[in-house]
Structure formats: C-alpha cells, structure tokens
Amino acid sequence: MSLDSKVTEGIRDAVAEAGQDPKLAQRLVAWMTAVTSGNEDVNDSDAAERRLDVLYESTTTSRRDAEELF
C-alpha cells in the first residue's frame, strides 16, 4: 500500500501554513510512507521515538508557544 497523494499534499500544506521548513514535511511523508509500505512498524516504540526526536528537532516554535504546551 502506498501513501495516498492527498495525505502527502495535506502534510506539505500544513507544514507550509505553519511556517515550518519544507524538510519537516519531507520527514513526515517519509515516515508515513515507511509505515504504509510495511517497512516500519507503527507499534515499534523505539523506532517511533527516534522518528519523533528527528521531527522535534526539525520543528520551530516561539518560546512562548512552547511554554504554553506545559
């Protein structure tokens, strides 16, 4: 199964609308593609943690916004 083009487009649009680096969208699409193709197990918590670390590092936010999350 491949990742639906509407999902890919939606990820890219959302990342752009949020003012994030397009590389973030590429990383999200790569992860979703790996999951839908069966190359990565969505239930593998170690793999998910590694992917999430990369995504967190790729995401920018203002300090105020980050503080509001906690």
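Preceding this section is the structure that the text describes.
Remember, it's a predicted structure, so these values are computed and weren't measured experimentally.

Caption draft 1: Here's a closer look at helix α1 (residues 5-17). Given a rise of 1.5 Å per residue, 13 residues ought to cover 18 Å, and the 18 Å separating the end C-alpha atoms of α1 matches this to within 8%. Taken residue by residue, α1 has Thr-8, Ile-11 and Val-15 as its buried positions. Across the axial projection of α1, the buried residues extend over an arc of 65°, all falling on one side. Exposed side of α1, more than 90 degrees from the buried face: Ser-5, Lys-6, Ala-16 and Glu-17 are the residues found there. Those residues of α1 that are buried lie in contact with α2 (22-36). Its side-chain oxygen placed 2.7 Å from the backbone nitrogen of Lys-6, Asp-4 serves as the N-cap of α1.

Caption draft 2: Main features of the packing of α2 against helix α3 (residues 45-58). Relative to each other, α2 and α3 sit at 165°, their axes nearing to 9 Å. Between α2 and α3, the crossing angle belongs to the class labelled roughly antiparallel. At the point where α2 passes α3, the crossing takes the left-handed sense. Across the interface between the two elements, Leu-24, Arg-27, Leu-28, Ala-30, Trp-31 and Ala-34 of α2 pack against Ala-48, Arg-51, Leu-52, Val-54, Leu-55 and Ser-58 of α3. Among the residues forming the contact of α2 with α3, the class breakdown is nine nonpolar, one polar and two charged.

Caption draft 3: Expanded view of the pattern of salt bridges. Within the structure shown, the criterion is met by one salt bridge. Put simply, Glu-40 and Arg-51 hold a salt bridge, and the shortest N to O gap is 2.9 Å. Within this pair, whereas Glu-40 is found in the loop between α2 and α3, its partner Arg-51 is found in helix α3, the two being separated by 11 residues in sequence. Judged by relative accessible area, Glu-40 falls into the buried class, the value being 14%.

Caption draft 4: Main features of the packing of α1 against α2. For the pair α1 and α2, interaxial distance at closest approach is 9 Å and the crossing angle is 155°. Between α1 and α2, the angle falls in the class roughly antiparallel. Like other packed secondary-structure pairs, α1 and α2 cross with a definite hand, here right-handed. Counting all contacts with α1, which are made through Thr-8, Ile-11, Arg-12 and Val-15, the residues of α2 involved are Leu-24, Ala-25, Leu-28, Val-29 and Met-32. Split by residue class, the contact of α1 with α2 holds seven nonpolar, one polar and one charged.

About the cut-offs
Residues numbered from 1 in each chain as written. Predicted model: local features only at pLDDT ≥ 70, side-chain atom pairs only at ≥ 80, totals over all residues. Heavy atoms only, no water. Helix = DSSP H or I, 4+ residues; strand = E, 2+ residues; numbered from the N terminus. Expected span 1.5 Å × (residues − 1). Buried < 20%, exposed > 50% of the residue type's maximum accessible area, 1.4 Å probe, protein only. Arc of directions from axis to C-beta. Contact = heavy atoms within 4.5 Å. Polar contact = N/O pair within 3.5 Å; in protein donor to acceptor, adjacent residues only side chain to side chain. Axes fitted to C-alpha atoms, helices over the stretch in contact; angles between N-to-C directions. Parallel < 35°, antiparallel > 145°, perpendicular 65-115°, else oblique. Left-handed = near helix turned anticlockwise from the far one by under 90°. Nonpolar A, V, L, I, M, F, W, Y, C, P; charged D, E, K, R; others polar. Salt bridge = Lys/Arg side-chain N within 4 Å of Asp/Glu carboxyl O.

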